[in-house]
Amino acid sequence: MNTIDSLPPLREVIDTHDLRARKSLGQNFLLDLNLTAKIARQAGDLTGCDVLEIGPGPGGLTRGLLSEGARRVLAIEKDARCMPALAEIAQAYPGRLQVIEGDALDIDPLAHLTPPIRVAANLPYNVGTELLVRWLTPKDWPPYWQSLTLMFQREVAQRIVAAPGSKAYGRLALLAQWRADAQIVLNLPPEAFTPPPKVSSAVVHLTALPQPRYPADAAVLNRVVAAAFNQRRKMLRSALKGVAPDIEDRLQAAGLKPTERAEQISLEGFCALARAVAAP
Ligand code: SAM
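In this text the structure is predicted, and so the values were computed from the model without any measurement.

### Thoughts on the UniProt feature "domain: Ribosomal RNA adenine methylase transferase N-terminal" (unreviewed entry) in the protein
Okay, so step 1: The feature "domain: Ribosomal RNA adenine methylase transferase N-terminal" (unreviewed entry), as annotated in UniProt, sits at residues 35-210 in this numbering.
Okay, so step 2: Secondary structure within residues 35-210 divides into 31% helix and 27% strand; the distance between the first and last C-alpha atoms comes to 31 Å.

Below, the structure written as structure tokens:
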């Protein structure tokens, strides 16, 4: 028995259900329930919230979210082998855990959730980045979620919170910081996971802002930022040639120098440029 709940320790769960980690599914499990409870606490006050968890695996973070008071957890897991272990957790927390077996990239969870909604996940990094971009780029804002608490490879976490002028600064930082507050809240060494991955990890907590920090059309901003960072070493006037034929004028209208490079431009500058590009 552990101190968090009445369920068996995770090592025992893994042995009982033969959940040997599969590389193809990016499986690096968290087995320390004190640590998963700590991660769950980074997600904010969970009482009264539905929590969407992607990739629960054997359920370490799921148990953390439930023991920290989530009203309900909706967990989407691709690996069928994890279902019996997750069913045991559902039994220990009656009516509070719903598990959907499937690929999170194909499933729309909204029908199963009631606001307020928070998201928490320890996911394979490629899936995590893809989902993060989707969560940050809905058509309407504010989104359905209040906050995202996500584990990333440390280098990816640094790209999300990066400031202008740094090597990590790029599309991910601008997407994240335009409509959310983003912070690294926890750093984890490889040994925190079973099996340990090659690199360190970090938990990023993002809170949705009620409205974007600066006005801009999302599609135009996205296009400008993608073009600028696709050729990040080039001056803006050549990197953005394809965005508008009179890009030099539009850069000037936005108060930017055509000779600057993407990584020197602040979020405010990119939003001004998106507005100048969208202007008739
Ligand atoms: N949350 C667990 C933990 O912290 O111990 C497991 C973390 S492990 C890094 C990632 C989990 O995501 C695995 O259980 C894996 O099977 C699952 N997974 C991988 N790709 C997925 C996808 N596309 N949709 C849903 N789950 C996925």
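There's more to say after this.
### Some details on helix H8 (residues 218-230)
Okay, so step 1: Here H8 is 13 residues long and its end C-alpha atoms lie 18 Å apart, about the 18 Å a rise of 1.5 Å per residue gives.
Okay, so step 2: Buried residues along H8 sit against helix H7 (171-179), helix H9 (236-239) and helix H11 (267-278).

### What about the UniProt feature "binding site: S-adenosyl-L-methionine" (unreviewed entry) in the protein?
Okay, so step 1: Under the present numbering, the feature "binding site: S-adenosyl-L-methionine" (unreviewed entry) in UniProt falls on Asn28, Leu30, Gly55, Glu77, Asp103 and Asn122.
Okay, so step 2: Since 21 C-beta atoms lie within 10 Å of it, Asn28 is described here as buried.
Okay, so step 3: Discounting chain neighbours no more than four positions away, the residues touching Asn28 are Ala21, Phe193, Pro195 and Pro197.
Okay, so step 4: Note on placement: Asn122 falls in strand E5 (residues 117-122).
Okay, so step 5: Sequence-distant contacts of Asn122, defined by excluding residues within four places in its chain, comprise Leu30, Gly55, Leu61 and Met151.

### Details of the environment of Leu273
Okay, so step 1: Looking at the element boundaries, Leu273 is found in helix H11.
Okay, so step 2: Spatially, the C-alpha atoms of Leu273 and Leu150 are 30 Å apart, while their sequence positions differ by 123 residues.
Okay, so step 3: Each residue touching Leu273, except ones within four places of it in the same chain, is listed here: Val224, Arg250, Leu251, Ala254 and Leu256.

### Regarding helix H2 (residues 33-42)
Okay, so step 1: Among the residues of H2, Leu33, Thr36, Ala37, Ile39 and Ala40 are the ones counted as buried. One side of H2 carries all its buried residues, which in axial view fall inside an arc of 160°.
Okay, so step 2: The secondary structure elements touched by the buried residues of H2 are helix H1 (10-16), strand E1 (29-30), helix H3 (60-67), E5, strand E7 (180-188) and strand E9 (201-208).
Okay, so step 3: In the segment just after H2, Gly44 is the residue with positive phi, at about 95°.

### Quick notes on the nonpolar core
Okay, so step 1: Core analysis: the largest hydrophobic core is formed by 85 residues, its most contacted members being Leu65, Ile160, Ala176, Val204, Val224, Phe270 and Leu273.
Okay, so step 2: The leading source of residues in this core is H11, at eight residues.
Okay, so step 3: If you count residues domain by domain, this core takes at least three from each of domain 1 (10-208) and domain 2 (218-278).
Okay, so step 4: Apart from residues no more than four positions distant in its own chain, Ala176 is found in contact with Leu136, Ile160, Ala182 and Leu206.

Here is what the cut-offs are and how they apply
- Residues numbered from 1 in each chain as written.
- Predicted model: local features only at pLDDT ≥ 70, side-chain atom pairs only at ≥ 80, totals over all residues.
- UniProt positions renumbered as here; feature names shortened; annotations may be inferred.
- Helix = DSSP H or I, 4+ residues; strand = E, 2+ residues; numbered from the N terminus.
- Expected span 1.5 Å × (residues − 1).
- Contact = placed C-beta atoms within 7 Å.
- Buried ≥ 20, exposed ≤ 12 C-beta atoms within 10 Å, placed from the backbone.
- Arc of directions from axis to C-beta.
- Core = buried A, V, L, I, M, F, W, Y, C linked by C-beta atoms within 7 Å.
- Domains from an automatic or database assignment.

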